[in-house]
Amino acid sequence: MPASPTHRILIAALLLGATQASAEELLERVVVRNRLYQVAGRFEIAPAVGFSLADRLTNHINFTVGLGYHFSDAWALELRAGYAVSGHTGLADQVAQHFLQKETIRLVDDLSSLWEMKGSAILGVRWAPIYGKISLLAELPIHFQAYAWAGGGVGSFHRQSVVYCQQVSGMSGDVRCGNWLTQNKVRPVGSAAIGFRFFTGQRGAVTLEVRNYLFADSYLTGIETTVAASGGQTGVPAKSPGLINLVLFNLGYAFFL
Amino acid sequence: MAVPKALGQAKDPQTLVSGAPLYNPNVAVHIVEKKPFADRGKHEIILYPGAIQVNGKFTQHFGSALSYIYHLHENFGLQLMGQYNWYSRESGFNQELIDKVREEAQAATSLLLVWALQAGLEVTPIYGKFAFLDGSLAHFSLVISAGAGLGSTRHQLRPENPAGPATFGDTGLKFVGSVGAGFRVQFGARFALRVEVRDLAYTARVDRVNGCNSADLSAMAEQLRLGQPVTAAQVGQGCSVSSFSGFKNGYNRSNDIPLALNLVSTPSSDVLNNLGLYAGLSVLF
């Protein structure tokens with residue numbers, strides 16, 4: 001790392017008679033603030049896999065790839081594209097199966113937060129104001145960045161109802177559904193994340209982050225189960241369906257080019 | 001200013017200053033290991049104004065906690081911690097299941113934690129420092145904690161609605177254990193900020209409500225059916241009949257009897273994990 005004029009002056013002051021305490025302070029300033037791993041002006045490719053946290057009705061394993069450019073050591077612009085393997089949780093399947101056995105319920109509202117995010121493409125800004133190092137097992141220094149990320153884009157979403165059955169089969173007490181109502185939509189999505197990047201060298205870093213995807217919910221209310229079972233159209237969209245937060249823990253690796 | 005000859009070699013990563021190779025930023029000597037603030041022998045009091053459950057599926061908790069740590073060694077401390085959840089209710093998701101599809105979590109699965117008291121330990125295996133915006137330096141530790149103790153639990157009997165407030169039944173003391181991890185960022189010698197994630201696990205078996213078992217509640221229900229006051233019921237020791245009699249804020253508490261009976265008639269058990277985010281400020285002395 002080249003010495004800047006400021007560094008030279010500081011070191012000169014040190015060598016010209018600084019106290020031990022000020023010497024240590026100087027060392028700390030020079031070594032900790034001077035980044036061993038600098039990313040300014042570099043592109044990066046960052047694959048990652050994410051696992052949804054606090055699953056209720058849906059679960060996701062989200063595979064993403066990010067392409068970013070670092071304007072400085074602290075600021076970067078990143079495009080992330082992803083595809084998720086998703087589905088209903090055991091709880092959602094249980095709710096659906098139990099609902100089918102409740103033949104007395106003739107009018108029902110569908111559950112909220114059943115949309116699964118299948119694909120996503122988001123553009124965002126990453127701000128990494130914190131650069132530090134830790135001593136792992138007292139010997140191995142690890143350099144890291146802590147960052148926040150915010151942006152938005154579009155996602156493709158899939159939804160399978162747990163109450164809107166279009167084809168009921170089976171006997172009483174063992175009722176099954178051959179065709180649940182499914183919907184697919186493309187809609188805007190916002191995203192924010194916080195995370196750490198632990199540098200493994202000049203060309204890469206292990207990335208750990210918690211990321212939230214935020215998108216609009218929608219579902220039907222006033223579904224007449226008998227009409228639905230006969231293949232008819234029933235239900236009206238919920239007036240205030242709210243938003244869905246999909247929170248993922250991402251583990252990835254960033255390659256700096 | 002004259003620059004000493006040594007600086008002419010500054011680009012050499014092996015140039016030593018105070019025994020450390022100054023221009024090798026990866027240097028460990030003097031740079032990471034040496035802590036400016038020693039913990040050994042110190043006391044630390046931590047106030048967590050916010051302890052927020054982040055995995056609330058059937059329950060939702062918001063609380064505060066207070067902790068005391070005696071740092072027996074530099075990387076090891078003994079800890080006492082008390083937590084009070086000033087908001088502990090069934091989640092909106094659980095209510096949605098009840099309202100829409102007449103499903104709800106088992107009683108044990110939706111047990112609420114009111115308070116917990118634990119003793120345990122804390123280790124700080126990793127120490128580091130960071131610069132914020134290439135300016136201010138801060139020192140931090142990764143903290144890992146574990147503890148065990150007791151917690152008071154309750155179960156929501158009915159939700160708040162236009163007919164009245166939410167009502168709860170005491171389900172007794174349960175064993176509580178926890179593990180956690182987080183960061184302690186130190187500001188000067190005396191103050192630190194903490195952000196931690198703790199998994200509070202507690203055993204949950206619901207076979208009594210307000211100390212009353214299924215037979216007690218059945219006896220009270222029978223008295224109600226006969227038009228008699230519930231206090232006339234013959235119940236076992238420990239059953240708080242008074243918690244099911246009279247009115248509170250205009251709500252007839254005897255209405256809770258069938259709800260409580262429904263909970264205990266099919267006893268359920270579970271081990272619950274209450275994963276919380278704890279943010280706090282600590283003072284060392």
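Nothing here was measured: the structure is a model prediction, and the numbers come from that model.

S.K.: Just to check I follow, could you spell out the overall build of chain A for this structure?
M.R.: On a plain count of helices and strands, chain A comes out with 4 helices and 14 strands. Counting every position in chain A, which comprises 257 residues, the buried fraction comes to 49%. A total of about 11,700 Å² of accessible surface is found on chain A, and carbon and sulfur atoms cover 63% of it.

S.K.: Would you mind showing me how to read the state of the cysteines here?
M.R.: Two cysteines joined by a covalent bond between their sulfur atoms form a disulfide. All told, the structure shown has 2 disulfides over all chains when counted by the stated rule. In this model, Cys 165 of chain A is linked to Cys 177 of chain A through a disulfide, with the two sulfur atoms separated by 2.1 Å. Around the S-S axis, the bridge from Cys 165 of chain A to Cys 177 of chain A shows a dihedral of about 110° and counts as right-handed. Separated by 12 residues along the polypeptide, Cys 165 of chain A in strand β6 (residues 140-165) and Cys 177 of chain A in strand β8 (residues 174-177) bring together distant segments of the chain. An identical accessibility class is assigned to Cys 165 of chain A and Cys 177 of chain A; each is buried. The disulfide bridge from Cys 212 of chain B ends at Cys 239 of chain B, spanning 2.0 Å between sulfur atoms.

S.K.: Help me understand empty space enclosed by the protein, please; the structure alone is not making it clear to me.
M.R.: Over the atoms a probe the size of a water molecule is rolled, and this reveals where empty space is left. All names here are of chain A. Evaluation of the coordinates by the stated rule reveals 5 cavities of 30 Å³ or more. The volume enclosed by the largest cavity comes to roughly 90 Å³. Taken together, 14 residues form the lining of the largest cavity, with Ala 46, Arg 80, Tyr 147, Thr 207 and Glu 209 sitting closest to its centre. Elements represented by at least two residues in the lining of the largest cavity include exactly β1 (43-52), β3 (75-88), β10 (204-216) and β14 (243-256). Counting residues per element, the lining of the largest cavity draws most heavily on β1, at 4 residues. When its residues are assigned to classes, the lining of the largest cavity shows 5 nonpolar, 3 polar and 6 charged.

S.K.: Looking at this model, I keep getting lost on the environment of Ser 265 of chain B. Mind explaining?
M.R.: All names here are of chain B. Its place among the elements puts Ser 265 in helix α3 (residues 256-265). What makes Ser 265 partly exposed here is its relative accessible area of 41%. C-alpha separation for the pair Ser 265 and Ser 243, spaced 22 residues apart in sequence, amounts to 19 Å. A distance of 3.1 Å separates a polar atom in the side chain of Ser 265 from the backbone oxygen of Asn 262.

S.K.: Quick question: what am I supposed to make of the pairing of β8 of chain A here?
M.R.: Sheet faces and side chains relate simply in a regular strand, where the side chains alternate between the two faces. All names here are of chain A. The alternating pattern of β8 places Val 175 and Cys 177 on a buried face, while none of Asp 174 and Arg 176, on the opposite face, is buried. One ladder, built from 4 bridges, connects strand β7 (residues 168-171) with β8; its direction is antiparallel. Bridged to Ser 169 within β8 is Arg 176. Counting the residues between successive antiparallel strands, the hairpin from β7 to β8 contains 2 residues, one of them, Gly 173, with a positive phi of roughly 95°.

S.K.: So what exactly am I meant to see when it comes to the pairing of strand β4 (residues 59-73) of chain B here?
M.R.: All names here are of chain B. Bridge count between strand β3 (residues 43-53) and β4: 8 bridges; the pairing is antiparallel. Counterpart to Ile 46 in the pairing with β4 is Ser 67. Hairpin connection of β3 to β4: 5 residues between the antiparallel strands. When β4 meets strand β5 (residues 76-90), the two strands line up antiparallel, connected through 13 bridges. Opposite Thr 59, over in β5, you have Glu 90 as the bridge partner. The turn linking β4 back onto β5 is made up of 2 residues.

S.K.: Explanation requested: a nonpolar patch on the surface in the structure shown.
M.R.: Residues and elements named next belong to chain A. On the surface, Phe 43, Ile 45, Val 65, Leu 67, Phe 71, Trp 75, Leu 77, Leu 79, Leu 123, Val 125, Phe 255 and Leu 257 cluster together into a nonpolar patch covering about 1,100 Å² of accessible area. Listing elements by their share of the nonpolar patch, those giving two or more residues are β1, β2 (58-70), β3 and β5 (115-136). In terms of residue count, the dominant contributor to the nonpolar patch is β3 (3 residues). With respect to the element layout, Ile 45 can be found in strand β1. Using a relative accessible area of 36% as the deciding quantity, one classes Ile 45 as partly exposed.

S.K.: Help me understand unusual backbone geometry, please; the structure alone is not making it clear to me.
M.R.: Across residues other than glycine, the phi torsion is negative in most instances, and most of the peptide bonds are trans. Look at Ser 113 of chain A: it is not a glycine, yet its phi comes out positive at around 60°. You can see Ser 113 of chain A is positioned in the loop between β4 (107-108) and β5. Of note, Asn 210 of chain B is a non-glycine position whose phi angle comes to about 50°, a positive value. Residue class for Asn 210 of chain B comes out buried when judged on its relative accessible area of 13%.

S.K.: What exactly am I supposed to notice about helix α2 (residues 214-225) of chain B here?
M.R.: An α-helix turns once every 3.6 residues. As a result, residues three or four positions apart point the same way. All names here are of chain B. The end-to-end C-alpha separation of α2 is 16 Å, in line with the 16 Å expected for 12 residues at 1.5 Å each. Every buried residue belonging to α2 is among Asp 216, Leu 217, Ala 219, Met 220 and Gln 223, and all of these are buried. Summarising the axial view, the buried residues of α2 lie within an arc of 155°, below the 170-degree limit, and thus occupy one face. For α2, the exposed residues set more than 90 degrees away from the buried face come down to Ala 215 and Arg 225. Where α2 is buried, its residues meet α3. Where α2 begins, the side chain of Asn 213 points an oxygen toward the backbone nitrogen of Ala 215, at a separation of 3.1 Å.

Thresholds applied
- Residues numbered from 1 in each chain as written.
- Chains lettered and ligands numbered in written order.
- Predicted model: local features only at pLDDT ≥ 70, side-chain atom pairs only at ≥ 80, totals over all residues.
- Heavy atoms only, no water.
- Helix = DSSP H or I, 4+ residues; strand = E, 2+ residues; numbered from the N terminus.
- Buried < 20%, exposed > 50% of the residue type's maximum accessible area, 1.4 Å probe, protein only.
- Areas by Shrake-Rupley, 256 points an atom, 1.4 Å probe, with all protein chains shown as cover.
- Disulfide = S-S within 2.5 Å.
- 1 Å grid on protein atoms, 1.4 Å probe; cavity = no way out; pocket = protein on both sides within 12 Å on 5 of 7 lines; lining within 4 Å.
- Points joined across faces, edges and corners; volume = space filled by probe spheres on them.
- Nonpolar A, V, L, I, M, F, W, Y, C, P; charged D, E, K, R; others polar.
- Polar contact = N/O pair within 3.5 Å; in protein donor to acceptor, adjacent residues only side chain to side chain.
- Pairing = 2+ DSSP bridges.
- Patch = residues over 30% accessible without salt bridge, like charges linked within 9 Å, V, L, I, M, F, W, Y side chains within 5 Å.
- Salt bridge = Lys/Arg side-chain N within 4 Å of Asp/Glu carboxyl O.
- Expected span 1.5 Å × (residues − 1).
- Arc of directions from axis to C-beta.
- Contact = heavy atoms within 4.5 Å.

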